[in-house]
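Single-letter residue listing:
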Amino acid sequence: MGAYVIKMPDIGEGIAEVELVAWHVKPGDTVAEDQILADVMTDKATVEIPSPVAGTVTTLGGPVGLVMAVGAELIRLEVEGEGNLKAGSAPAAAPATKPVTASAAASVAAVASAPVAAPVAAPTPMAAKPAAPRAPAQPRRAPDEKPIASPAVRRRAWELGIELQFVQGTGPAGRITHEDLEAFAGAPHGAASAGADSRYAARLDEQAIPVLGLRRKIAQKMQQAKRQIPHFTYVEEVDVTELEALRQRLNQQHGKARAKLTMLPFLARAIVIAVREFPQVNARFDDEANVVTRYGAVHIGMAAQTDAGLMVPVIRHAETLDPWACAAEITRLAEAARTGKAGRDELSGSTITITSLGPLGGIVTTPVINHPEVGIVGVNRIVERPMFDRDGRVVPRLLMNLSSSFDHRVVDGMDAALFVQRLRALLETPATLFIE
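Residues numbered from 1 in each chain as written. Predicted model: local features only at pLDDT ≥ 70, side-chain atom pairs only at ≥ 80, totals over all residues. Heavy atoms only, no water.

Trainee: How should empty space enclosed by the protein be read in this particular structure?
Mentor: Over the atoms a probe the size of a water molecule is rolled, and this reveals where empty space is left. Under the counting rule described, the total for this entry stands at three cavities of 30 Å³ or more. By volume, the largest cavity is sized at about 50 Å³. Forming the walls of the largest cavity are Pro265, Ala268, Arg269, Ala318, Leu321, Asp322, Pro323 and Cys326. Going through the elements one at a time, α6 (263–277) and α7 (323–338) are the ones with two or more residues in the lining of the largest cavity. If you tally residues by element for the lining of the largest cavity, the top one is α6, at three residues. Of the residues in the lining of the largest cavity, the class split is six nonpolar, no polar and two charged. (1 Å grid on protein atoms, 1.4 Å probe; cavity = no way out; pocket = protein on both sides within 12 Å on 5 of 7 lines; lining within 4 Å. Points joined across faces, edges and corners; volume = space filled by probe spheres on them. Helix = DSSP H or I, 4+ residues; strand = E, 2+ residues; numbered from the N terminus. Nonpolar A, V, L, I, M, F, W, Y, C, P; charged D, E, K, R; others polar.)

Trainee: For this particular structure, what's the right way to read the layout of surface pockets?
Mentor: If you add up the space inside the second largest pocket, you get close to 730 Å³. Among the elements of the structure, α5 (241–254), α6, β14 (300–306), α7, β17 (352–356) and β18 (375–388) are those that each provide at least two residues to the lining of the second largest pocket. Tallied by class, residues from the lining of the second largest pocket come to 17 nonpolar, seven polar and five charged.

Trainee: Is there a simple way to explain the packing of helix α2 (residues 151–160) against helix α3 (residues 178–186) in this structure?
Mentor: The relative placement of two packed helices comes down to the angle between their axes together with the axis-to-axis distance. Taken N-terminus to C-terminus, the directions of α2 and α3 make an angle of 20°; their axes are 10 Å apart at the nearest point. What the angle tells us is that α2 and α3 run roughly parallel. Considering only the axes of α2 and α3, their crossing is right-handed. Here α2 contributes Ala152, Val153, Arg156 and Ala157 to the contact with α3, which in turn contributes His178, Leu181 and Glu182. Split by residue class, the contact of α2 with α3 holds four nonpolar, one polar and two charged. (Axes fitted to C-alpha atoms, helices over the stretch in contact; angles between N-to-C directions. Parallel < 35°, antiparallel > 145°, perpendicular 65-115°, else oblique. Left-handed = near helix turned anticlockwise from the far one by under 90°. Contact = heavy atoms within 4.5 Å.)

Trainee: Sorry, what's going on with the sheet that holds strand β1 (residues 2–7) here?
Mentor: Two orientations exist for strands paired in a sheet by backbone hydrogen bonds: parallel and antiparallel. Spatially, four strands are ordered β1-β8-β6-β3 in an open sheet, and the strand pairing comes out antiparallel. Both edges of this open sheet fall to β1 and β3 (30–31), since each of them pairs with a single strand only. (Pairing = 2+ DSSP bridges.)

Trainee: How do you make sense of the environment of Arg175 when you look at a structure like this?
Mentor: Locating Arg175 in the fold gives a position in the loop between α2 and α3. You can call Arg175 partly exposed: its relative accessible area is 37%. Taking the C-alpha atoms as reference, Arg175 lies 8.2 Å from Ser150; in sequence the two are 25 residues apart. Leave out the neighbours within four places in its chain, and Arg175 touches Ile148, Ala149, Ser150, Gly169, Thr170 and Asp180. (Buried < 20%, exposed > 50% of the residue type's maximum accessible area, 1.4 Å probe, protein only.)

Trainee: Is there a simple way to explain the packing of aromatic side chains in this structure?
Mentor: Two aromatic rings are characterised by how far apart their centres lie and by the angle between their planes. Taken as a whole, this structure holds three aromatic pairs when the rule is applied. When the ring of Phe232 is compared with that of Phe406, the centres are 5.7 Å apart and the planes differ by 35°; the resulting orientation is tilted. One end of the pair, Phe232, is in strand β11 (residues 231–239); the other, Phe406, is in strand β19 (residues 394–407), with 174 residues separating them in the sequence. Between Phe406 and Phe419, the aromatic rings sit 6.2 Å apart at their centres with planes inclined by 90°, giving edge-to-face as the arrangement. Here Phe406, found in strand β19, pairs with Phe419, found in helix α8 (residues 413–428); they are 13 residues apart in sequence, far enough to count as distant. Judged by its relative accessible area of 0%, Phe419 is buried. Clustering of aromatic rings is evident, with ring pairs tying together Phe232, Phe278, Phe406 and Phe419. (Phe/Tyr/Trp six-rings, centres within 6.5 Å; stacked < 30°, edge-to-face > 60°.)

Function cannot be read off these values alone, since they describe shape.
Here is the structure:
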């Protein structure tokens, strides 16, 4: 029998380290060739690591959440024959944590049994703080029985947020005293009464939620964007009455024969047209090299919320897509992101991003730029408001705000404003979206 060390493979150009997000095995398990051992996460995607050989697991390279360098020891197996680790040789390079041995098998097994599809670890309940001594249970008053208390006691109860109905009085004729209030307040929010209203019961539970996997990547990405990019946000109101009428008419005309049109394919087309006049917003900024790269191709990131967290699948070459093709691609990418099937190439390479919360879009948002891009267009919800037409009549119109953020290092305020105004003009006169 020999020892076989499996190192963290190089899983992509430019990737120097990955995060260990799930184990599929534990010490003592027998594995077959090509069996999945672990899941690791790069900047954009989760990758499965298979076993190149059959054997028995002896040690794991670290716990879930560990950031490992490419080439570090991932797992060690006992195999038939000599293996690839000669007796007496130095251990392979490993991360700055001790491998998980058989003595820690129980804890690793618990991690390995967690659902693989969720890179964020499940909440771990912490021990509850010791509760205050519970006061003796007191009978609750009848519904028609009014508590007796002086005005000063009633005011004090109001300040403490205590319903006197639940406080047992110890004064003459059952009168509630200040001492009764203090005793009641000392118990956990009405625990002194067996029949106390559960809506006001004290909560002493706590949860420690490790920031792992995709959630950690999102946090790092947002922190990097806000730390390095001087954001400024420009908000403009857009009248989308005509665009909404066109969208509904096209959906009714084509039914299920074509992809269902939402507002996003039209906005994507407007961006494609507008960046021809303002190429500085369809760009990526290399902070270290101080180089801004402007792109002719428009690769639009679509910020999508999933059960695992925020992901940004990319509509590649949006300039080549008509509204129906764009709608179909948005649907496909959103489904791939939600189910965790989006590949690395589908989650990287965007040149400008659209973010939308749909009906929950609010009136105004301040989107965070998807680093290293320099612009992001935020869609807010559509509301119907009374407006004056050219003849001075009050008419109902559908209005929507565009909340867009830009990197002020490379996009001047005037250029950003003109870019958004160009989007507004295109969306308010939707026929211009199809005129070259």
